[in-house]
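Chain by chain, the residues run as shown.
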Amino acid sequence: MSDVSPPTPAEAARTAVVIPAAGRGVRLGPGAPKALRTLNGVPMLIHAVRAMAASRAVGLVVVVAPPDGTAEVKSLLDTHALPDRTDFVVVSGGETRQESVRAGLDALPPEYGIVLVHDAARPLVPVDTVDAVIEAVREGAVAVVPALPLADTVKEVEPAAAPGDPEPVLATPERARLRAVQTPQGFDRATLVRAHETVTGAVTDDAGMVERLGEPVVAVPGHEEAFKVTRPLDLVLAEAVLARRRLNDGF
Ligand code: C5P
């Protein structure tokens, strides 16, 4: 990957998206893999793909599917309406999110200088948030995260050995300096590839890997509708957001 020749200015501005969708989603309860659960009758993954393809800057979406689910994901992309201006590719994922993202990066043609990484589990992110992330990368940031202030105070604890046991509180970081980070996260492609080639160990987001390189990461405003569907209650919230959108579209 690192022997890719430097992009021309036009290529540097072209944007591809990698959507890791190979997780099982066990916290959501038993059933289909999370990305294939439906919201308003449409698989979460298709919502996420449409949310990315809604941006005019996005020319390619790479979906990273569960290894035993690539055929199913391909047929889903074939049967749901998607914009003509965007290309779609499906690749097989790995054991961890990091491996899945890397599989997606390996599938990118050379002409894309900007890469977004977006969780299939955030199906409802508005296009304005996607565009704001891309814009910040175009303006020169090597790594951009959409982020929101926190409503809750956050404590650092000594995690309990057994679930439910009391946990000693170690510290209370100043809430005003904390942000909850969402996706899509946007990157200068060469920087993200370098991070995936060199950073090891558990990191929960791609920007965290770029931080480990010592490169600057900036936060832009996120959106409350870009929440991650993780637990059963999140499905109820996602359906409510879609119902509100249908109502608004009706007027
Ligand atoms: O598990 P978590 O909520 O952090 O997953 C975030 C995203 O990473 C999800 O879209 C999930 O499908 C994806 N993932 C993946 N490959 C894995 C594990 C998670 O693509 N092995």
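Worth saying up front: this structure is predicted, and the values here are computed from it rather than measured.

What counts as what
Residues numbered from 1 in each chain as written. Predicted model: local features only at pLDDT ≥ 70, side-chain atom pairs only at ≥ 80, totals over all residues. Heavy atoms only, no water. Buried < 20%, exposed > 50% of the residue type's maximum accessible area, 1.4 Å probe, protein only. Helix = DSSP H or I, 4+ residues; strand = E, 2+ residues; numbered from the N terminus. Pairing = 2+ DSSP bridges. Contact = heavy atoms within 4.5 Å. UniProt positions renumbered as here; feature names shortened; annotations may be inferred. Axes fitted to C-alpha atoms, helices over the stretch in contact; angles between N-to-C directions. Parallel < 35°, antiparallel > 145°, perpendicular 65-115°, else oblique. Left-handed = near helix turned anticlockwise from the far one by under 90°. Nonpolar A, V, L, I, M, F, W, Y, C, P; charged D, E, K, R; others polar. Near = heavy atom within 4 Å. Polar contact = N/O pair within 3.5 Å; in protein donor to acceptor, adjacent residues only side chain to side chain. Areas by Shrake-Rupley, 256 points an atom, 1.4 Å probe, with all protein chains shown as cover.

Considerations on the pairing of strand β7 (residues 143-149)
On a regular strand, each side chain points to the face opposite its neighbour's, so the side chains alternate between the two faces of the sheet.
Right, so step 1: Within β7, 5 of the 7 residues are buried, which leaves it mostly tucked inside the rest of the structure.
Right, so step 2: The sheet contact formed by β7 and strand β12 (residues 218-221) spans 4 bridges and is parallel. Along β12, the bridge assignment pairs valine 144 with valine 218.
Right, so step 3: Two elements, β7 and strand β10 (residues 179-181), share 3 bridges in a ladder whose sense is antiparallel. Its bridge partner being in β10, alanine 147 is matched across the sheet by valine 181.

What to know about unusual backbone geometry
Residues other than glycine predominantly adopt negative phi, and peptide bonds predominantly adopt the trans conformation.
Right, so step 1: Along the chain, threonine 183 connects to proline 184 via a cis peptide bond; the corresponding omega equals 10°.
Right, so step 2: Mapped onto the secondary structure, proline 184 falls in the loop between β10 and β11 (185-188).
Right, so step 3: The phi torsion at asparagine 40 lies on the positive side, around 50°, for a residue other than glycine.
Right, so step 4: Mapped onto the elements of the fold, asparagine 40 is located in the loop between β2 (38-39) and β3 (42-43).
Right, so step 5: According to the relative accessible area criterion, asparagine 40 is partly exposed, its value standing at 41%.

Some remarks on the side chain of serine 55
Right, so step 1: Relative to the elements of secondary structure, serine 55 occurs in the loop between α2 (44-53) and β4 (58-65).
Right, so step 2: Non-local contacts of serine 55, meaning those with residues more than four positions away in its chain, are made with Arg85, Val127, Val130, Asp131 and Ile134.

Side note on the UniProt feature "site: Transition state stabilizer" (unreviewed entry) in the protein
Right, so step 1: Per the UniProt entry, the sites bearing "site: Transition state stabilizer" (unreviewed entry) are Arg27 and Lys34 in this numbering.
Right, so step 2: Within the fold, arginine 27 resides in the loop between β1 (15-20) and β2.
Right, so step 3: The exposure class assigned to arginine 27 is exposed, which follows from its relative accessible area of 54%.
Right, so step 4: Excluding residues within four positions of it along the chain, arginine 27 makes contact with Thr230, Arg231 and Pro232.
Right, so step 5: You can see lysine 34 is positioned in the loop between β1 and β2.

Some remarks on the packing of helix α4 (residues 97-106) against helix α6 (residues 189-198)
Right, so step 1: Look at α4 against α6: their axes get within 11 Å of each other, and the N-to-C directions meet at 135°. What the angle tells us is that α4 and α6 run oblique. For α4 against α6, the interelement crossing comes out left-handed. Between α4 and α6, the contacting residues are Gln98, Val101, Arg102 and Leu105 on the first element and Arg189, Leu192, His196 and Glu197 on the second.
Right, so step 2: Counted by class, the contact of α4 with α6 contains 3 nonpolar, 2 polar and 3 charged residues.

Thoughts on the site of the ligand
Right, so step 1: Taken together, the neighbourhood of the ligand is formed by 15 residues, with Pro20, Ala22, Gly23, Gly94 and Ser100 sitting nearest.
Right, so step 2: Contacts to the ligand include proline 20, whose backbone N or O atom sits 2.7 Å from an oxygen atom.
Right, so step 3: Within the contact set of the ligand, a nitrogen atom lies 3.4 Å away from a backbone nitrogen or oxygen of threonine 96.
Right, so step 4: Calculation on the ligand without its partners gives an accessible area of 470 Å², and the protein chains cover 82% of this total.
Right, so step 5: Across the shell around the ligand, the residue classes tally to 5 nonpolar, 4 polar and 6 charged.

Regarding the UniProt feature "site: Positions MEP for the nucleophilic attack" (unreviewed entry) in the protein
Right, so step 1: Using the residue numbers shown here, the UniProt feature "site: Positions MEP for the nucleophilic attack" (unreviewed entry) corresponds to Arg175 and Lys228.
Right, so step 2: Position of arginine 175 among the secondary structure elements: in the loop between β9 (169-171) and β10.
Right, so step 3: Taking the relative accessible area as the measure of exposure, arginine 175 reaches 39% and is therefore partly exposed.
Right, so step 4: Residues contacting arginine 175, with those up to four places away along its chain left out, are Leu150, Ala151, Asp152 and Thr153.
Right, so step 5: Within the fold, lysine 228 resides in the loop between β12 and α8 (232-249).
Right, so step 6: Setting aside chain neighbours within four positions, we find lysine 228 in contact with Asp119, Ala121, Arg122 and Asp234.

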